[in-house]
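Working through the structure, step by step
Single-letter residue listing:
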Amino acid sequence: MAKMSKWLSLVMAGTLALSLTACGGGSKTDEGSSSNASGTSGNTDSAKEKNITITFQNIYPDPTDPKNKLMNKLVKQYETDHPNIKIELDSLNTDQQKLKLKTQAASKEIPDITVVNPAAQMQPFVEAKLLAPLNDMLDQNGLKDTFQDGLLDWYSFDGNTYALPDGNNIAVVYYNKELFDQAGVKVPTTFEEMLDVVKTLKSKGIQPMAIGEKDSWTGSFLFMNMLLRTNNGPGFLKDVIDKKKTFEDPAFIDAVNAFQNLVQAGAFQEGATSFDYNAGENLFKTGKVAMYFMGTWATGGIETSSVNGKVGVFKFPTIGGKGNPDEFMLAPGSAFAISADSEHLEETKAFLNWFMRSFPKEAFEAKGAVGIGQKVDGDFKAAGYSDMAMEVLNLFKEVKGGDLAFDNTMNPGTAQVHLTSIQNLFAQKKDAAEVAKEHQAAFEANNK
């Protein structure tokens, strides 16, 4: 993608940025906006005129997640500072939220604030004119300057920014050091070694890996990291879009075979497709599973769980000697967007402006600032972040490139076939060539 070089430069350095821009204040704002970090209304007479409810759809349903705690803290503070405004939370896991938003979009009843994903995933909502441009709000109180350079490009179309991301992450493998020691295994440096680790863990009665595959993006995210290896570098989907390759390319077939080898080796818990994201992650956070492949946004939740102090991270290894472990799945985060038809557009923008200006400081204090998309003022180590968190932060410095998720790259029709196809591999083994044909047929059907 044309944006890749810009994104790469920010992911390598952005998480460690120590600019004091996170919680700007004191600048003049429009009526109804917050003029300082406490959220005091810019026009108290106007604010007293009517009671307002702002619906705030989000993907922070897990009460053990630092982001859930900071969201509730900020919402309560804003409601205290603005007695006439109520923030109504609609907290869902990722797949639930995506499905609900599709239904809401079809009836043009999008909540005041919702969650979208970057690039191809949010483009249909923008083209349908369902989201409000946020340029004016970004220019208030220095909010735009709090974001890592180039990150907002993934959420911008035709000169307008339509969503504000909460994160900027890479994918890693978290592992439980105690369980590794119990089984007598070491961190794998190749996929072949990884399969051996899985088999050894199983033989010792330890479940090797956790996944929440009821939310089908999780399996896709892992599969795409494997394709990044078998393709010997990034850009496979771009080559398909540009008609330079098809899904029947050997790199894709090799990735399907490798993925199925992992599933067939018993890497994942029984009934993986019945576990949603939170349930799958909780298996790892409660010490029941040895490995967990996920974006670095999971760091905060792991750090505040019972396995804190027992967890390390490693890069996904090479497959068949192919791939560079310093190339990662890149994940510019989910992002907050505002409905173009909001009945309280001005007040919603004012709240989101204040929320996002407050977000970096609160995330840092809640041990949830690893992988956020804004600049952070503070010393992570001095603030008590764990050795695992420091490992993750150091991995950001080693990023040499990578790919975006399938559904952030392909159109929704092709992406849905892909998600279902990969999810089905958890239930039964399939011929890799047939899986490739499914994908190619979907791509051709959705690109006529």
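Parameters at a glance
- Residues numbered from 1 in each chain as written.
- Predicted model: local features only at pLDDT ≥ 70, side-chain atom pairs only at ≥ 80, totals over all residues.
- Heavy atoms only, no water.
- Helix = DSSP H or I, 4+ residues; strand = E, 2+ residues; numbered from the N terminus.
- Polar contact = N/O pair within 3.5 Å; in protein donor to acceptor, adjacent residues only side chain to side chain.
- Contact = heavy atoms within 4.5 Å.
- 1 Å grid on protein atoms, 1.4 Å probe; cavity = no way out; pocket = protein on both sides within 12 Å on 5 of 7 lines; lining within 4 Å.
- Points joined across faces, edges and corners; volume = space filled by probe spheres on them.
- Buried < 20%, exposed > 50% of the residue type's maximum accessible area, 1.4 Å probe, protein only.
- Nonpolar A, V, L, I, M, F, W, Y, C, P; charged D, E, K, R; others polar.
- Phe/Tyr/Trp six-rings, centres within 6.5 Å; stacked < 30°, edge-to-face > 60°.
- Core = buried A, V, L, I, M, F, W, Y, C linked by side-chain atoms within 4.5 Å.
- Pairing = 2+ DSSP bridges.
- Expected span 1.5 Å × (residues − 1).
- Salt bridge = Lys/Arg side-chain N within 4 Å of Asp/Glu carboxyl O.

Describing the side chain of N141
- Its place among the elements puts N141 in the loop between helix 6 (135-138) and strand 4 (156-157).
- One polar contact links N141 to N353, side chain to side chain, over a distance of 2.8 Å.

Some points on the environment of I422
- By the element assignment, I422 lies in helix 16 (residues 412-424).
- Ignoring sequence-local partners within four residues, the contact set of I422 consists of G219, S220, F223 and F259.

Comments concerning the environment of K430
- With respect to the helices and strands, the residue K430 is situated in the loop between helix 16 and helix 17 (432-445).
- For the pair K430 and N257, spaced 173 residues apart in sequence, the C-alpha to C-alpha distance is 9.1 Å.
- A polar atom in the side chain of K430 sits 2.4 Å from the side chain of E438.

Here's the deal with empty space enclosed by the protein
- Within this structure, the stated rule accounts for three cavities of 30 Å³ or more.
- By volume, the largest cavity amounts to about 660 Å³.
- What lines the largest cavity is a set of 36 residues, among which I59, T94, W217, W297 and S334 lie closest to the centre.
- Elements represented by at least two residues in the lining of the largest cavity include exactly helix 4 (94-106), helix 9 (217-230), helix 12 (277-285) and strand 11 (327-332).
- At four residues, helix 12 tops the list of elements feeding residues into the lining of the largest cavity.

Let's talk about the environment of H439
- Within the secondary structure, H439 sits in helix 17.
- Residue class for H439 comes out buried when judged on its relative accessible area of 1%.
- Setting aside its immediate chain neighbours within four residues, H439 contacts F247, F252, F406, H418 and S421.

Some thoughts on the layout of surface pockets
- The space that makes up the largest pocket amounts to roughly 570 Å³.
- Forming the boundary of the largest pocket are 27 residues, of which K98, L99, K102, Q121 and Q416 lie nearest the centre.
- If you list the elements that add at least two residues to the lining of the largest pocket, you get helix 4, strand 3 (113-116), helix 5 (123-127) and helix 16.
- Counting residues per element, the lining of the largest pocket draws most heavily on helix 4, which supplies seven residues.
- Its residues assigned to classes, the lining of the largest pocket comprises eleven nonpolar, nine polar and seven charged.

Here we look at the packing of aromatic side chains
- In the structure shown here, the tally under the stated rule is 32 aromatic pairs.
- Ring centres of F364 and F380 lie 5.3 Å apart, and the angle between their planes is 80°; this geometry places the pair in the edge-to-face category. Here the residue F364 occupies a position in helix 14 (residues 345-365), and F380 occupies one in the loop between helix 14 and helix 15 (387-396), the gap between them amounting to 16 residues.
- Given a relative accessible area of 12%, F364 falls into the buried group.
- Following the ring pairs from residue to residue traces out a cluster consisting of F223, F236, F247, F252, F259, F268, F406, F426 and F443.

Things to note about the nonpolar core
- Counting 140 residues, the largest nonpolar core has L164, Y174, F268, M291, F351 and F355 as its most contacted members.
- No other element matches the nine residues that helix 14 contributes to this core.
- Filtering out sequence-adjacent residues up to four positions away, F268 remains in contact with Q207, M209, A210, I211, L222, L262, V263 and F426.

Quick notes on the pairing of strand 7 (residues 168-176)
- Most of strand 7 is tucked away, with nine of its nine residues classed as buried.
- What you see with strand 7 is no split at all: N168, I170, V172, Y174 and N176 on one side and N169, A171, V173 and Y175 on the other are buried throughout.
- With three bridges connecting them, strand 7 and strand 11 associate as antiparallel partners. The partner of N169 across the bridge, within strand 11, is A331.
- By the bridge criterion, five bridges tie strand 7 to strand 9 (residues 289-295) in an arrangement that is antiparallel. For V173, the partnering residue across the bridge sits in strand 9 and is F293.
- Taken together, the four bridges between strand 7 and strand 10 (residues 311-314) define a ladder with antiparallel strand orientation. Residue Y174 lies in a different strand from strand 10, and its bridge partner there is V313.

Points about helix 9
- With 14 residues, helix 9 extends 20 Å between its outermost C-alpha atoms, agreeing within 8% with the 20 Å of an ideal straight helix rising 1.5 Å per residue.
- Among the 14 residues that make up helix 9, 14 are buried, leaving the element largely enclosed by the rest of the structure.
- The positive-phi residue at the C-terminal boundary of helix 9 is N232, with phi of around 60°.

Section: the pairing of strand 12 (residues 335-338)
- On strand 12, burial covers both faces: A335 and A337 on one face and F336 and I338 on the other are all buried.
- As paired elements, strand 3 and strand 12 share four bridges and run antiparallel to each other. In the sheet register, I113 faces strand 12, and the bridge partner there is I338.
- Note: strand 6 (residues 164-165) against strand 12, two bridges, orientation antiparallel. Pairing of P165 across the sheet is with A335, part of strand 12.

Describing unusual backbone geometry
- The phi angle at A119 is positive, at roughly 55°, despite the residue not being glycine.
- Although it is not a glycine, D158 adopts a positive phi angle of roughly 50°.
- Considering the arrangement of structural elements, one finds D158 in the loop between strand 4 and strand 5 (160-161).

Re the pattern of salt bridges
- Tallied over the full model, the rule gives 16 salt bridges.
- Across the salt bridge formed by K285 and E281, the nearest N and O atoms sit 3.6 Å from each other. A residue pair is termed a helical-turn pair when its members lie 3 or 4 positions apart in one helix, as K285 and E281 do in helix 12 at four residues.
- Classification of K285 as buried rests on a relative accessible area of 4%.
- Of the charged contacts, one joins K381 and D387 as a salt bridge, the two residues approaching to 2.7 Å between their closest N and O atoms.
- By relative accessible area, D387 is classed as exposed at 55%.
- Counted as one network, the salt bridges with shared partners bring together D62, E281 and K285.

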